[in-house]
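Listed below are the residues making up each chain.
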Amino acid sequence: MTKNKIIVSVIIIVLVIASAFYLFIENDKKEVKAVVTRYIEALKSKDFNVIHDINIASQKRILFILKGSNSNKDELLKQVYNEQKASFDAPQPLFDMNVIWAEKLVFIPDMDYKILKVVMEEDRDNPTAFYRKRINASAEIEVEYTKKDNAPVYEGRNIKKATYLVKIVHSKNITRAQKIADITDKWLFKGVAVKEGKVSYW
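**Looking at the packing of aromatic side chains**
Under the defined criterion, the tally for this structure stands at six aromatic pairs. Ring plane angle 90° and centroid distance 5.3 Å describe the contact between Phe88 and Trp101, whose orientation is recorded as edge-to-face. Separated by 13 residues along the polypeptide, Phe88 in helix 4 (residues 73–89) and Trp101 in the loop between helix 4 and helix 5 (103–106) bring together distant segments of the chain. A ring pair is formed by Phe107 and Tyr164, whose centres lie 6.1 Å apart and whose planes are at 65°; its orientation type is edge-to-face.

Next up, the structure:
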């Protein structure tokens, strides 16, 4: 093989790998967008079965049980569900992004929303995971509230319109989750935050 043919072959290989990686990332973005939409719609309709299934706090507790040696796992899983649902249903009068279930005050029935973009991010906190599972995501979501009285209060005022950053992680990125053979391969909701400078009020 001549030098020129070798160079051409290398270029082709690089282009094929780059194209495959691009398609892989784009497919993940579509999956993340679908999960974000599903989670928001579940919050709006108070569908806790869906919320429980793709919320990282719930899934961490489930994985802890699955990793254990207890024989009554079904009973423990039911207990986790009931405890998480009671926590979700409990009143949360203050809009605090640092508390569990803060998202239920963000994504409410009286709003319109649009997913602006999804950005894939490397999970630097989990360097031992297989590369595909080291990719997490962040979604920018523009929300406009249609009723002032139901809109969340942020910095003492009712929000009219805001952009939120939603953090999405892969189930395989949960600490040592990859050691559980039957863990479901899916994306999970981790948290939400207001994007700085992207808030307007009534």
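**With respect to the packing of helix 3 (residues 56–67) against helix 4**
For the pair helix 3 and helix 4, interaxial distance at closest approach is 10 Å and the crossing angle is 165°. One element, helix 3, and the other, helix 4, form an angle in the roughly antiparallel class. Here helix 3 and helix 4 pass one another in a crossing that is right-handed. Across the interface between the two elements, Ala57, Ser58, Arg61, Ile62, Ile65 and Leu66 from helix 3 touch Lys73, Leu76, Leu77, Val80, Glu83 and Gln84 from helix 4. Grouping the amino acids of the contact of helix 3 with helix 4 by side-chain chemistry returns seven nonpolar, two polar and three charged.

**So, helix 4**
Compared with the 24 Å implied by 1.5 Å per residue over 17 residues, the 24 Å span of helix 4 between its first and last C-alpha is a close match. Within the sequence span of helix 4, burial applies to Val80, Gln84 and Phe88. Across the axial projection of helix 4, the buried residues extend over an arc of 65°, all falling on one side. Opposite the buried face of helix 4, by more than 90 degrees, sit the exposed residues Glu75, Lys78 and Ala86.

**Description of the pattern of salt bridges**
A full pass over the atoms with the stated rule returns eight salt bridges. The residue Lys117 makes a salt bridge to Glu140 at a minimum N-O spacing of 3.9 Å. Of this pair, Lys117 sits in strand 1 (residues 111–122) while Glu140 is found in strand 2 (residues 135–145), placing the two residues 23 residues apart along the sequence. You can call Glu140 buried: its relative accessible area is 12%. Between Glu144 and Lys160 there is a salt bridge, with the nearest N and O atoms lying 3.8 Å from each other. Of this pair, Glu144 sits in strand 2 while Lys160 sits in strand 4 (residues 157–170); the two residues are 16 residues apart in sequence, bridging distant segments of the chain. Here the salt bridges do not stand alone but share partners, grouping Arg38, Asp53 and Lys186 into one network.

**Thoughts on the confidence of the model for the protein**
In this model, the protein carries a mean pLDDT of 83, and residues with pLDDT of at least 70 account for 77%. The spread of mean pLDDT over the elements of the protein runs between helix 1 (residues 3–45), the lowest at 73, and helix 2 (residues 48–54), the highest at 96. Ignoring residues within four places in sequence, the model shows residues 128–132, a span with pLDDT below 50, making nine contacts including any to other chains.

Cut-off values and rules
- Residues numbered from 1 in each chain as written.
- Predicted model: local features only at pLDDT ≥ 70, side-chain atom pairs only at ≥ 80, totals over all residues.
- Heavy atoms only, no water.
- Phe/Tyr/Trp six-rings, centres within 6.5 Å; stacked < 30°, edge-to-face > 60°.
- Helix = DSSP H or I, 4+ residues; strand = E, 2+ residues; numbered from the N terminus.
- Axes fitted to C-alpha atoms, helices over the stretch in contact; angles between N-to-C directions.
- Parallel < 35°, antiparallel > 145°, perpendicular 65-115°, else oblique.
- Left-handed = near helix turned anticlockwise from the far one by under 90°.
- Contact = heavy atoms within 4.5 Å.
- Nonpolar A, V, L, I, M, F, W, Y, C, P; charged D, E, K, R; others polar.
- Expected span 1.5 Å × (residues − 1).
- Buried < 20%, exposed > 50% of the residue type's maximum accessible area, 1.4 Å probe, protein only.
- Arc of directions from axis to C-beta.
- Salt bridge = Lys/Arg side-chain N within 4 Å of Asp/Glu carboxyl O.
- pLDDT = per-residue confidence, 0-100.

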